[in-house]
Amino acid sequence: MDLSYTDEEEEFRARLREWLASALPGLPGRPDPGDWPGRRAYDTGWQRLLYDAGYAGLHWPADAGGRGATPTQHLIFLEETERAGAPYVGANFVGLLHAGPTIAAEGTAAQRARWLPPVLRGDEVWCQGFSEPEAGSDLASLRTRAVRDGDDYVVSGQKIWTSHAEVADWCELLVRTDPAAPRHRGISWLAMRMDAPGVTVRPLRTLAGSTEFAEMFLDEVRVPVSHRVGEENDGWRVTMVTLSFERGTAFVGEVVACRRTLDALAAEARRSGRWDDAVLRRRLGRLNAEFRALWRLTQWNVSEAQSTGGVPGTGGSVFKLRYSHARQELYEAAAEVLGAGDALDLDREWVLDRLSSLSYTIAAGTSQIQRNIVAERILGLPKGR
Amino acid sequence: MDFRLSEDQRALRTGIRELLAGRFARDRMRATLDGGGGVGRELWRELGAAGLFALRLPGTAGGVGLGLPESVLMFDEIGRSLLPGPLAATELAAGVVKGAAEGEAVVALAEAGRPVGHLAQADALLVLDGDRARVLTGGALRQVLREARPVRSLDPGTPLWRVPDLAAHDGEPLPEGARLRREGALLTAAEQLGSAARSLEAAVQHAGEREQFGAPIGAFQAVKHLCAGMLVRAETARTAVYAAAVTADPVEIAGAKLLADDAAVGNARDCLQVHGGMGFTWEADVHLHLKRAWLRSGQWLTAADAEEVLAADLA
Ligand SMILES: Cc1cc2nc3c(=O)[nH]c(=O)nc-3n(C[C@H](O)[C@H](O)[C@H](O)COP(=O)(O)OP(=O)(O)OC[C@H]3O[C@@H](n4cnc5c(N)ncnc54)[C@H](O)[C@@H]3O)c2cc1C
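Residues numbered from 1 in each chain as written. Chains lettered and ligands numbered in written order. Predicted model: local features only at pLDDT ≥ 70, side-chain atom pairs only at ≥ 80, totals over all residues. Heavy atoms only, no water.

Participant: Give a description of the overall build of chain B that names residues and reports values.
Facilitator: Of regular secondary structure, chain B possesses 12 helices and nine strands. Taking 315 residues into account, the globule formula puts the C-alpha radius of gyration at 20 Å, and chain B, at 19 Å, falls close to it. Buried residues in chain B amount to 57% of all 315 residues. Partitioning the intrachain contacts of chain B with sequence separation of at least 6 by distance along the chain shows that 69% fall at a separation of at least 24. (Helix = DSSP H or I, 4+ residues; strand = E, 2+ residues; numbered from the N terminus. Rg over C-alpha atoms; globule rule 2.2 N^0.38 Å. Buried < 20%, exposed > 50% of the residue type's maximum accessible area, 1.4 Å probe, protein only. Contact = heavy atoms within 4.5 Å.)

Participant: Could you give me a rundown of the site of the ligand, with the residues and numbers involved?
Facilitator: In the neighbourhood of the ligand, 18 residues make up the surrounding shell, with Q128, S137, W161 and T366 of chain A together with Q221 of chain B lying closest. At the ligand, the nearby residues belong to more than one chain, namely chains A and B. One nitrogen or oxygen atom from the main chain of Q128 of chain A is found 2.7 Å from a nitrogen atom belonging to the ligand. One nitrogen or oxygen atom from the side chain of T366 of chain A is found 2.7 Å from an oxygen atom belonging to the ligand. Protein contacts shield 65% of the accessible area of the ligand, which totals 960 Å² for the unbound molecule. For the shell around the ligand, the secondary structure elements donating two or more residues are β3 (152-163) and α11 (367-378) of chain A. Residues that form the shell around the ligand fall into these classes: seven nonpolar, 11 polar and no charged. (Near = heavy atom within 4 Å. Polar contact = N/O pair within 3.5 Å; in protein donor to acceptor, adjacent residues only side chain to side chain. Areas by Shrake-Rupley, 256 points an atom, 1.4 Å probe, with all protein chains shown as cover. Nonpolar A, V, L, I, M, F, W, Y, C, P; charged D, E, K, R; others polar.)

Participant: Lay out the sheet that holds strand β1 (residues 107-111) of chain B with the relevant residues and their values.
Facilitator: Residues and elements named next belong to chain B. Read across the sheet, four strands follow the order β1-β3-β4-β7 without closing on themselves; strand pairing throughout is mixed. In this open sheet, the two strands that pair with only one neighbour each are β1 and β7 (172-174). Across the sheet, the axes of successive neighbouring strands diverge by a mean angle of 30 degrees, strand direction being ignored. Examined bridge by bridge, β1 and strand β3 (residues 124-129) share five bridges and lie parallel to one another. Bridging from a neighbouring strand, L109 pairs with L126 of β3. Of the strands in this sheet, β3, β4 (132-136) and β7 touch helix α7 (residues 177-209), which is tilted by about 105 degrees from β3. (Pairing = 2+ DSSP bridges. Axes fitted to C-alpha atoms, helices over the stretch in contact; angles between N-to-C directions.)

Participant: I'd like a description of the confidence of the model for chain B, backed by residues and values.
Facilitator: Here chain B averages 96 in pLDDT, while 100% of its residues score no lower than 70. Here the predicted complex carries an ipTM of 0.94, next to a pTM of 0.94. (pLDDT = per-residue confidence, 0-100.)

Participant: Account for the interface of chain A and chain B, naming residues and giving values.
Facilitator: The partner chain B presents 49 residues to the 50 residues of chain A that form the contact. Buried surface at the junction of chain A and chain B, both sides included, amounts to about 4400 Å², of which 63% is carbon and sulfur. Counting across the chain A and chain B interface gives eight salt bridges. With its nearest N and O atoms 2.7 Å apart, the salt bridge here joins E307 of chain B to R286 of chain A. On inspection of chain A and its partner chain B, the count reaches 22 residue pairs in polar contact (both at pLDDT 80 or more). At the level of secondary structure, the elements contributing two or more residues to the side of chain A that touches chain B comprise α3 (71-83), α7 (252-272), α8 (278-307), α9 (315-342) and α11 of chain A. (Buried area = accessible area lost by both parts, 1.4 Å probe. Salt bridge = Lys/Arg side-chain N within 4 Å of Asp/Glu carboxyl O.)

Participant: Explain empty space enclosed by the protein residue by residue, including any values.
Facilitator: Residues and elements named next belong to chain A. The full count for this structure, using the stated rule, is three cavities of 30 Å³ or more. Taken as a whole, the largest cavity holds about 320 Å³ of empty space. Lining of the largest cavity is provided by 23 residues; of these, H74, F77, L78, V89 and L96 occupy positions nearest its centre. Broken down by secondary-structure element, the contributors of at least two residues to the lining of the largest cavity are α2 (36-53), α3, α4 (93-106) and α7. (1 Å grid on protein atoms, 1.4 Å probe; cavity = no way out; pocket = protein on both sides within 12 Å on 5 of 7 lines; lining within 4 Å. Points joined across faces, edges and corners; volume = space filled by probe spheres on them.)

Participant: Describe in detail the sheet that holds strand β2 (residues 116-117) of chain B, supporting the description with residues and values.
Facilitator: Residues and elements named next belong to chain B. Taken in spatial order, the three strands make up an open sheet running β2-β6-β5, and their pairing is antiparallel. Since the sheet does not close on itself, it has two edges, and those belong to β2 and β5 (149-151), each with one partner. Of the pairings in the sheet, the one linking β2 to strand β6 (residues 160-162) comprises two bridges and is antiparallel in character. Residue pairing across strands places G117 opposite L160, the latter belonging to β6.

Participant: Go over helix α11 (residues 286-297) of chain B with me, naming the residues and quoting the values.
Facilitator: Residues and elements named next belong to chain B. The terminal C-alpha atoms of α11, which comprises 12 residues, lie 16 Å apart, in line with the 16 Å expected from a rise of 1.5 Å per residue. Burial analysis of α11 places 11 of its 12 residues in the buried class, which makes it a mostly covered element. Along α11, the positions that sit buried rather than exposed are V286, H287, L288, H289, L290, K291, R292, A293, L295, R296 and S297. (Expected span 1.5 Å × (residues − 1).)

Participant: Could you give an account of the nonpolar core, naming the residues involved and the relevant values?
Facilitator: Ranked by internal contacts, the top residues of the largest apolar core, which has 81 residues, are L284, F291 and Y323 of chain A. The leading source of residues in this core is α9 of chain A, at 12 residues. Ignoring anything within four residues of it in the chain, the contact list for L284 of chain A reads L262, L265, A266, W275, A333 and V337 of chain A together with L314 of chain B. L73, V135, A185 and A306 of chain B belong to the second largest nonpolar core, which has 73 residues in total. (Core = buried A, V, L, I, M, F, W, Y, C linked by side-chain atoms within 4.5 Å.)

Participant: Lay out the pattern of salt bridges in plain terms, naming residues and giving numbers.
Facilitator: Taken as a whole, this structure holds 65 salt bridges over all chains when the rule is applied. Put simply, D149 of chain A and R222 of chain A hold a salt bridge, and the shortest N to O gap is 2.5 Å. With D149 of chain A in strand β2 (residues 145-149) and R222 of chain A in strand β7 (residues 213-224), the pair connects residues that are 73 residues apart, well separated along the chain. Taking the relative accessible area as the measure of exposure, R222 of chain A reaches 42% and is therefore partly exposed. D76 of chain B is the partner of R238 of chain B in a salt bridge, and the nearest nitrogen-oxygen pair spans 3.0 Å. Separated by 162 residues along the polypeptide, R238 of chain B in helix α8 (residues 221-247) and D76 of chain B in helix α4 (residues 68-81) bring together distant segments of the chain. Several salt bridges converge on common partners, so that one network encompasses E10, R13, R17, E79, E80 and R83 of chain A.

Here it is, written out as structure tokens:
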């Protein structure tokens, strides 16, 4: 049990800190949440800065253009960038955390050369076209069809909840290439250009009022066969690789941010006098234990991943379950700190966050689905219905 | 950073697990508890010989010279086994109370306003009053025992006494009372962890064997989700307790105790539910884990105290 960092790791941290201190003051102001082109420019601009400083794709293997950093270094990177108040991955989320690592692991040399550098440089943004109106938790029941026509697939169907679809250049798309095969067998993983003829994006309004995600209609979209990652009909296996990255370390930086929010809540409660309410005070204290433990759980998972060559394990599901509920608890407490009146004011800090936090137990696999995974894959309970 | 257990730590854990499996197997545990609980002196000595109490004493003082993480791993195993006795208080008194390090002495814990466990068997009493600590022995201890009234204890493993007024009894003051209280909380949290893990195992085993509606009940999602929740609780608490053992940070220890108490109590309750009617019987062990978990939740650092420590830490 060693929680100390090696000299090399501390040096990495110190250099990163120094760079953050010099890079952050020059950043432009954050765009309005509803300004999608502005957000894309902001997020990719930050990615470009990281690239130029040598911090892009830190945890990607070196032969995929990454730095081949250890999981611990990646952890330090997430901790320090969050602590410094640096921008979050934002629109680069899917490219950096899902599609990129998947292509690095499963793609051909040509595919890696084509797609990975622009993700690292912030030149191209990806989105994730997995979910469909009739296939959410039960992803393997997806129906979007891809029919081979010469060197192309002709894709028709509908996707939904596609985050960042409005500003994406590419989509990691799951399609059914063999309707006769058993559900999990006839699926393929494609990279689709978002400006291809036949792609229509219709923004959906979230309960927070924003257009975070969209519906995507696909009408005979032609996707070159060479844009398939992995073998035809082997897309489910490729998808499992994608999802393990999604649940692995994707939320680590946010834990640091939650701890900062918690401090801010305590400061606000002290200022307003609500700190004298022992029930509220103790509730914030309990959340302190929660987010500290989540940080330790991350270090535990990273230590495990380090020993198994960097592939995140099922520990990600344990983390995601606990974290998504803790985050909702955090903003419930925030509402109490604000008080009944201010908690209704969308211009007050934390009120929008409270609304956004509602998605955490749904997106990236619902809590119910995570519990199934924990019960069946970690505890070995029988598969059931 | 490598948070995983070292080879030596694994070996230590395996060693104590095997010792307890051999000397405090289930039939022995049930016999002890049916006999009114209390400390088994012989096993207490064996644990002393195995280094449980002297683990953190320096070699020059006849100890093993290891740290809190190792003690935590040992107490984790003890928690699984339901071994009764004031283990944490005795460990903390090693080097202070004669015979504690060797397992010759039993040092009971007395906290203001709470019933005292194992008083009749105690060779010394560690009295905690907030962050002040002192040790009572000899005549003072006998006087406390005379005034004490037995309580019909909720936990069959832990005989309890109510002591009228601890403040009236002088003892030898101990320095660093705050540290003793923290470390006692951490070791107790480790016991809670072992109990939480044991409850999870029992639930998973039962869920895989018991059949209803033509299938093992573990195939039903309602049961599966209870078990998954138990794992999440136990693992979150485990990392909190292990990390607190490494850092010995007061705030982190408070968090560890809070989460470990939750894990032990919550997991025992859910385990009981998974066992159905069986779970409500005296025969199933789950009530023993629940009762002990409740007892430990009220020792060293209660939820209310821990939450205040954690709140005060916020900027
Ligand atoms: C903010 C946000 C962003 C998203 N971004 C993307 C994206 O970019 N790309 C993408 O492809 N998808 C995205 N999603 C979709 C997300 O992955 C799905 O919403 C999620 O997997 C649940 O699917 P569903 O919405 O169809 O709900 P359903 O699957 O219909 O589930 C409804 C309810 O039933 C429960 N349920 C379903 N099956 C089971 C079961 N077997 N056992 C127990 N309970 C069950 C669920 O837990 C849930 O409570 C996003 C979602 C959100 C909220």
